[in-house]
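# Architecture at a glance
Chain residues, written in single-letter form:
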Amino acid sequence: MRLKRWILLAGVASMGALSFGAAHAASANPFFQPSSYPYQAPAFDRIKESDYQPAFERGMVEHLREVNAIAKDKAAPSFENTIVALEKSGRLLDRVTETFFGVYQANSTPALDRVQSREAPRLAQHQDEINLNARLFARIKTLYDQRATLGLNAEQSQLLEVYYQQFVHAGALLPPAKKTRLRAINKREAELESAYQQRLVAAARDGALVVDQKEALAGLDDAALMNAQKAASDRHHPGKFLLSLQNTVQQPELEALQSRTTRQALFEASWTRAERGDAHDTRAIIAELAQLRAEKAALFGYPNYAAYVLYDQMAKTPEAATGFMQQLVPALAKAQKREASLLQKAMEHDKQTGTLQPWDWPYYAAQVKREKFAFNQDELKPYFELNHVLTDGVFYAAEQLYGLHFKQRHDIPTYHPDVMVYEVFDHDNSPLGLMYFDYFKRDTKSGGAWMSNFVGQSHLLGTKPVIYNVANFAKASAGQPQLITSDDVVTMFHEFGHALHGLFANQTYPTLSGTNVARDFVEFPSQFNENWAFDPKVLAHYARHYQTGQPIPEALVAKMKKAAHFDQSYALGEIVTAATLDLRWHGLSATAPRQKVDMFEAQELGSMGLDVAQIPPRYRSSTFLHIWSNGYAAGYYAYLWTEMLDQDAFAWFSAHGGLTRANGQRFRDLILSQGHTQDYGSMFRAFYGQNPDIEPMLRHRGLVEDMTP
Ligand SMILES: [Zn+2]
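Parameters at a glance
Once a new chain begins, its residue numbering starts again from 1 and follows that chain's sequence as written. In view of the model being predicted, local features appear only for residues whose pLDDT reaches at least 70, and side-chain atom pairs are presented and counted only at 80 or more, with totals across whole chains, interfaces and linings using the full set of residues. Hydrogen atoms and water are omitted, and side-chain values are computed over all heavy atoms in the structure. Working definition: helices are DSSP H or I runs of at least four residues, strands are E runs of at least two. Numbering for both runs from the N terminus. Note that the radius of gyration is over C-alpha atoms, with the globule rule given as 2.2 Å times the number of residues to the power 0.38. All accessible-area figures derive from a Shrake-Rupley calculation using a 1.4 Å probe, and residue coverage is judged against the displayed protein chains alone. Here the positive residues are Lys and Arg and the negative ones are Asp and Glu; neither His nor the chain ends is included. By convention, the charge on Lys lies at NZ, on Arg at CZ, on Asp at CG and on Glu at CD. The rule for donors is simple: an N, O or S atom within 2.8 Å of the metal counts, and for Na, K and Ca the reach is 3.2 Å. Water is not among the atoms, so a site may look short of donors. Only protein chains enter the accessibility calculation, which uses a 1.4 Å probe. A residue is then buried if its area is under 20% of the maximum for its type, exposed if over 50%, and partly exposed in between. Just to be clear on terms, a salt bridge is a Lys or Arg side-chain nitrogen sitting within 4 Å of an Asp or Glu carboxyl oxygen. Think of it this way: a Phe, Tyr or Trp ring, Trp meaning its six-membered ring, pairs with another when their centres are within 6.5 Å, and the plane angle makes it stacked under 30 degrees, edge-to-face over 60, tilted otherwise. Every helix has an expected span of 1.5 Å times one less than the residues it contains. Arc definition: it is the arc formed by the directions from the helix axis to the C-beta atoms. Any pair of residues with heavy atoms lying within 4.5 Å of one another is described as a contacting pair.

Glancing now at the overall build of the protein. The helix and strand tally for the protein stands at 26 helices and 7 strands. For the protein, whose C-alpha radius of gyration is 26 Å, the value lies close to the compact-globule estimate of 27 Å for 709 residues. Its C-alpha atoms give the protein principal-axis dimensions of about 85 × 65 × 55 Å. Looking at the protein as shown, the accessible area adds up to about 30,000 Å², and 52% of this sits on carbon and sulfur atoms. Positive and negative side-chain charges of the protein, numbering 72 and 78 respectively, have mean locations separated by a distance of 4 Å.

Structure, rendered in structure tokens:
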């Protein structure tokens, strides 16, 4: 979910009279006209890499010209000539932006890299010019002040409110001196954020653990050993082994490494990577960032940065986000004690002395899991064939709940031969939208999985959704069945949950449409849809052995579900502490002195009531990319918050008969089709009948002790 409609705050700058050879350009560049394919699907058969840059440049000029005309309109501001006109502006820029970033993430090339490097700062500047356009804001403010008398419907009122708030939030109402200071802070913040990112990448690279002897890596499988050997020789350590660091504090190899010494060395390499007092040390940067952000919040009259950024989120205040996490702590702390003592015993059984350490936890957790549950992920795979999971699982659940139908189309061009296209039909057989599925890992693809739109839904613009789901599943070799893991299955349901949110969008205005919602709401539909992956009725329908056609044995499913509950105290604990740390950093007031990072971190972690000595945060301050440079400042809690929402909603379904058309229709009507037309809290209460509560989430995580003897 990265492609917000970033054009929202459109702007003005006179770029002079740039003219284009319109007739010749229109025939040459496919972006200059809306696509003539069904649903305006991108014309990938005609788009060349060289088309993007001219389309961006012309798109920005056109957009600025349109916005400038709105700002300078001689007519008194009206909803139509200002807000609606802004919603209609920037069509060419939207077309090229949505297509470019879709392809860039999924199938990049050096040429696209160059377009990205060149255009990203220009797009940011383009947006800034619009944010700071005083004439444009004056029109919006006039309308906002008259809003009660404009005769607007509910969606229009919401749209005006969103425009006004976003301009205010960007500084439109500040007096000149504060505006000047804000610009200076923004500039310094951007510099620090990008310096942080660069240092972190270098710290991870240089922090990799080099191991001399193969014996020290006992427990790793052959493939991992070969990777480590190759990585070492690539980095000029021939004959040695290199374990590279991933972003999180904990490293995946810790589950397998038998040598406690190696485990400790790997953990410490990760924990201290950005705190070595060298050129990659990030502590001075984050201390300054925390202080600058607090000052920025104070310019707007907020007590701290968290309060400043949460204004348009579902939680609304840092107190609500913190209070939610504190509710998790008692059950979580209890479960952590329970699991820690189990692992301590396993360690003693293994003839190791002393207290269980963070580098021991993943290793003994994996061991206990193997012994206690006798569960091996590989047993599941023969039952998860990708095409069956998609059509008999993901589509089947959508058919049962929402009455949808899917028809594969071979006449829509794609950017890669692995991409499949389906047309989606509603319960009354009317066309709903277009879906692309791009599931396989490639060198040209970013890691992870995501969903976004090539075309957003809008009644105003007459567009229906064109959506893609992208993932990184291992592709089977030719002639082999395409089997996937249970995690992959969950990913398919997750991304399709986002897709449903986009497909059911039913808004007039693009800004409020579909998945254009707050961070702490957007993962709600996707995480909710994950629940159907292992619903007995859905599972029985798709999970069949690829050779024999036999349904998945119930005993295996039971084992899988039991094993999934184990070690949740770790998985949840590391996120709760990281999310709380984020809120504490961004809860500092502008008058607080610049913090000593280690002291602040130790003091805050120590006050959370959780076991941070054995279960450190998923990211520590010095390596927390999400909050220092990826736009998630005071927002990491959102992952947990949306889990609460999705488990509440699923509990409601379970109490009302589960997988039924009636339940699905109700969820669609009250949540999935609403976009950002309403306050998130009211929307949720309309469905759930009350405010969100944490009980179903704790139950789902297996953190509520069973009362039965
Ligand atoms: Zn998601």
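Right, let's get into the coordination of the zinc ion. Those protein atoms acting as donors to the zinc ion are His494 (NE2), His498 (NE2) and Glu523 (OE), and they sit at 2.1 Å. The motif formed by the donor residues of the zinc ion, counted along the single chain, is H-x3-H-x24-E. Highlighted residues: histidine 494 in helix H16 (residues 486-503) and glutamate 523 in helix H17 (residues 519-530), separated in sequence by 29 residues. When its relative accessible area of 11% is taken as the criterion, histidine 494 is described as buried.

With that out of the way, let us pick up the pattern of salt bridges. According to the stated counting rule, one finds 37 salt bridges in the structure shown. In this structure, glutamate 62 engages arginine 58 in a salt bridge whose closest nitrogen and oxygen atoms are separated by 3.5 Å. One end of the pair is glutamate 62 and the other is arginine 58, both in helix H2 (residues 49-71) and 4 residues apart, which spans about a single turn. When its relative accessible area of 22% is taken as the criterion, glutamate 62 is described as partly exposed. A relative accessible area of 11% means that arginine 58 is categorised as buried. The residue aspartate 73 makes a salt bridge to arginine 139 at a minimum N-O spacing of 4.0 Å. Within this pair, whereas aspartate 73 is found in the loop between H2 and helix H3 (79-88), its partner arginine 139 is found in helix H6 (residues 134-145), the two being separated by 66 residues in sequence. Residue classification places arginine 139 among the buried residues on the basis of a relative accessible area of 6%. Salt bridges here are not isolated pairs; linked through shared partners, they connect Glu275, Asp281, Arg283, Asp598, Glu601 and Arg620.

A few words on the packing of aromatic side chains. Inspection of the entire model under this criterion finds 58 aromatic pairs. Centre to centre, the rings of tyrosine 52 and phenylalanine 100 are 5.1 Å apart; their planes meet at 70°, and the pair counts as edge-to-face. Taken together, the residues tyrosine 52 in helix H2 and phenylalanine 100 in helix H4 (residues 91-106) connect sequence positions 48 residues apart. The same class applies to tyrosine 52 as to phenylalanine 100, namely buried. On the numbers, 5.4 Å between centres and 15° between planes, the contact of phenylalanine 100 with tyrosine 104 is stacked. Placement of both phenylalanine 100 and tyrosine 104 in helix H4 is noted, with a separation of 4 residues, approximately one turn of the helix.

The first and last C-alpha atoms of helix H9 (residues 222-234) sit 18 Å apart over 13 residues, in line with the 18 Å expected at 1.5 Å per residue. Along H9, the residues classified as buried are Leu225, Ala228, Ala231 and Ala232. Here the buried residues of H9 occupy an arc of 125° about the axis, which is enough to place them on one side. Away from its buried face by more than 90 degrees, H9 exposes Asp222, Met226, Asn227 and Lys230. Against the buried residues of H9 lie strand E2 (241-243). Histidine 236, located one to two residues past H9, shows a positive phi value of around 65°.

Moving on to unusual backbone geometry. Backbone phi values are negative for most residues with the exception of glycine, while trans is the configuration of most peptide bonds. Positive phi values are uncommon outside glycine, yet lysine 351 reaches one of about 65°. In this structure, lysine 351 sits in the loop between helix H13 (318-349) and helix H14 (361-373). Phi is positive for asparagine 429, close to 70°, though the residue is something other than glycine. Topologically, asparagine 429 is positioned in the loop between strand E4 (420-425) and strand E5 (431-440).

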